[in-house]
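# Coordinate analysis (summary)
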Amino acid sequence: MVRSDAIVLTDIATRFGTHWVQRHLDLTVRCGEILAIVGGSGTGKTTLLRAMMGLVPIAEGRMTILGENPQALNLRELIALRQRWGVLFQQGALFSALTVYENIAFPLLEWGHLSRSEISDLVALKLQMVGLKPSDAWKLPAELSGGMVKRVALARALAMEAEILFLDEPTSGLDPIAAAEFDALLRQVHGDIGFTVVMVSHDLDSLAATADRVAVLADGRVLTVGSLIEVQQVDFPYIRAFFHGERGERLLTSLRAAEKCPTLPSAAQSGSATPVGPESAPR
Ligand SMILES: Nc1ncnc2c1ncn2[C@@H]1O[C@H](COP(=O)(O)OP(=O)(O)OP(=O)(O)O)[C@@H](O)[C@H]1O
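Starting afresh in each chain, residues are numbered from 1 along the sequence in its written order. Where totals are concerned, whole chains, interfaces and linings use all residues; where local detail is concerned, this predicted model gives features only for residues with pLDDT of at least 70, and gives and counts side-chain atom pairs only at 80 or more. As a rule here, side-chain values cover all heavy atoms of the structure and leave hydrogens and water aside.

Before going further, it helps to examine unusual backbone geometry. The phi torsion at His 24 lies on the positive side, around 55 degrees, for a residue other than glycine. Numbering goes from the N terminus for both helices and strands, where a helix is a DSSP run of H or I of at least four residues and a strand is a run of E of at least two. Summarising the element assignment, His 24 is placed in strand E2 (residues 19-30). Even without glycine at this site, Leu 66 takes up a positive phi of about 50 degrees. Tracing the backbone shows Leu 66 in the loop between strand E4 (60-65) and helix H2 (75-82). By relative accessible area, which is 16% here, Leu 66 ends up buried. The classification of residues rests on relative accessible area computed with a 1.4 Å probe and restricted to protein chains. Under 20% of the type maximum is buried, over 50% is exposed, and intermediate values are partly exposed.

What follows is the structure, encoded as structure tokens:
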């Protein structure tokens with residue numbers, strides 16, 4: 001592990017009972033990058049994300065996260081470590097009986113180190129950060145649009161100054177415009193704060209707009225990891241189906257054009273994407 005790594009998974013395995021989901025999986029998430037995990041249905045993307053957060057046990061192998069080995073920590077240390085990341089699940093998962101304000105304040109109140117007025121200031125700041133109005137603070141989740149729910153969930157995930165943000169299909173359920181707005185918001189907040197993002201996504205537009213690198217899961221392992229342009233060159237059935245449909249080809253054409261003309265913005269060529277490394281070699 002080098003200082004610039006946020007998460008290092010070495011030869012890990014996950015399973016539910018006798019069903020092995022991952023075996024001999026290696027993956028490194030670099031500090032400050034947006035890494036997207038893609039793969040066919042049931043390849044274990046969500047399981048992997050949850051294993052990184054300690055919600056699914058790692059049956060074999062080693063993980064370090066933010067320089068710590070969670071398996072070597074006592075409960076108090078583990079709780080402190082878990083406060084260093086935020087999570088946004090698929091449907092936003094807000095507490096339906098709590099207002100927007102209370103939802104964002106929830107982790108801060110649980111933490112117990114801040115006064116009411118400090119919490120109030122922080123909630124106002126996070127609301128502004130995700131582009132919501134102060135008056136939205138008093139709405140209930142049922143009164144919000146899908147895009148607003150995601151924004152509130154993002155604000156809550158960021159409330160604790162997260163060093164890592166885990167996102168499970170953040171744009172699922174949004175129409176293309178709301179999804180693109182969320183992607184732009186994520187990219188902007190990420191640029192402002194510089195945290196690390198690990199996200200599961202099926203959304204090619206979203207990947208192109210946000211991800212620095214993409215890790216492709218197949219057969220319980222990381223098949224390949226690199227920029228969008230790099231991973232789509234790997235000859236594998238899922239990659240052909242996912243990246244080389246009509247929509248994928250259109251996106252790749254615009255990414256390649258952006259690569260030739262650096263004035264065009266593109267997450268995939270924003271700096272941290274590197275060639276497919278040893279962690280990605282199919283075994
Ligand atoms: N709580 C659980 N108990 C038992 N098996 C599970 C559980 N969660 C997931 N699995 C199994 O683990 C495998 C991987 O599931 P997972 O949800 O991680 O895949 P995924 O790649 O995220 O799928 P999708 O793209 O369809 O959401 C599947 O075979 C699934 O049935």
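This is not the end of the story, as more comes after the structure.
Here the focus is the side chain of Asn 103. Within the element layout of this structure, Asn 103 appears in helix H3 (residues 100-111). Note on Asn 103: relative accessible area 0%, which makes it buried. What qualifies as a polar contact is a pair of N or O atoms within 3.5 Å, subject to a donor-acceptor requirement within protein and to the restriction that residues adjacent in sequence count only when both atoms come from side chains. A distance of 3.1 Å separates a polar atom in the side chain of Asn 103 from the backbone oxygen of Leu 98. At 3.2 Å, the side chain of Asn 103 forms a polar contact with the side chain of Arg 156.

Spatial ordering of the open sheet is given by E2-E1-E4, a layout of three strands whose pairing is antiparallel. Of all the strands in the sheet, just E2 and E4 have a single pairing partner and so form its edges. Adjacent strand axes in the sheet meet at a mean angle of 15 degrees, parallel and antiparallel pairs treated alike. At least two bridges found by DSSP between two strands is the condition for calling them paired. Here strand E1 (residues 5-16) pairs with E2 via eight bridges, running antiparallel. If you follow Ile 7 over to E2, its bridge partner there is Val 29. In the packing of helix H1 (residues 45-52) onto the sheet, the strands contacted are E1, E2 and E4, and the crossing angle to E1 comes to about 120 degrees. The angle between two axes is taken between their N-to-C directions and runs from 0 to 180 degrees, where each axis is a line fitted to C-alpha atoms and a helix contributes only its stretch in contact. Between two residues, a contact is recorded if the distance between any of their heavy atoms is within 4.5 Å.

For the rest of this paragraph, the subject is helix H5 (residues 146-158). For H5, built from 13 residues, the straight-helix expectation of 18 Å at 1.5 Å per residue is met to within 8% by its first-to-last C-alpha distance of 19 Å. Most of H5 is tucked away: eleven of the 13 residues are buried. Restricting attention to buried positions, one finds in H5 the residues Gly 147, Val 149, Lys 150, Arg 151, Val 152, Ala 153, Leu 154, Ala 155, Arg 156, Ala 157 and Leu 158. Looking at the buried residues of H5, the elements they touch are strand E5 (85-88), H3, helix H4 (116-129), strand E6 (164-168) and helix H6 (176-193). Helices are assigned an expected span. That span is 1.5 Å times one less than the residue count.

Two elements in contact, H5 and H6, have axes separated by 11 Å at closest approach and are oriented at 20 degrees. For the element pair H5 / H6, the angle class is roughly parallel. Considering only the axes of H5 and H6, their crossing is right-handed. When H5 is examined against H6, the residues Lys 150, Arg 151, Leu 154 and Leu 158 are found in contact with a partner set consisting of Glu 181, Phe 182, Leu 185 and Val 189. Side-chain classes are defined by residue name, with Ala, Val, Leu, Ile, Met, Phe, Trp, Tyr, Cys and Pro counting as nonpolar, Asp, Glu, Lys and Arg as charged, and the others, Gly among them, as polar. Looking at the contact of H5 with H6 residue by residue, the class counts come to five nonpolar, no polar and three charged. For classification, angles of less than 35 degrees are called roughly parallel, those exceeding 145 degrees roughly antiparallel, those between 65 and 115 degrees roughly perpendicular, and all remaining angles oblique. Crossings are sorted by hand: turned counterclockwise from the far helix by less than a right angle, the near helix makes the crossing left-handed, and turned clockwise it makes it right-handed.

Purely spatial values, then, with no claim about function.
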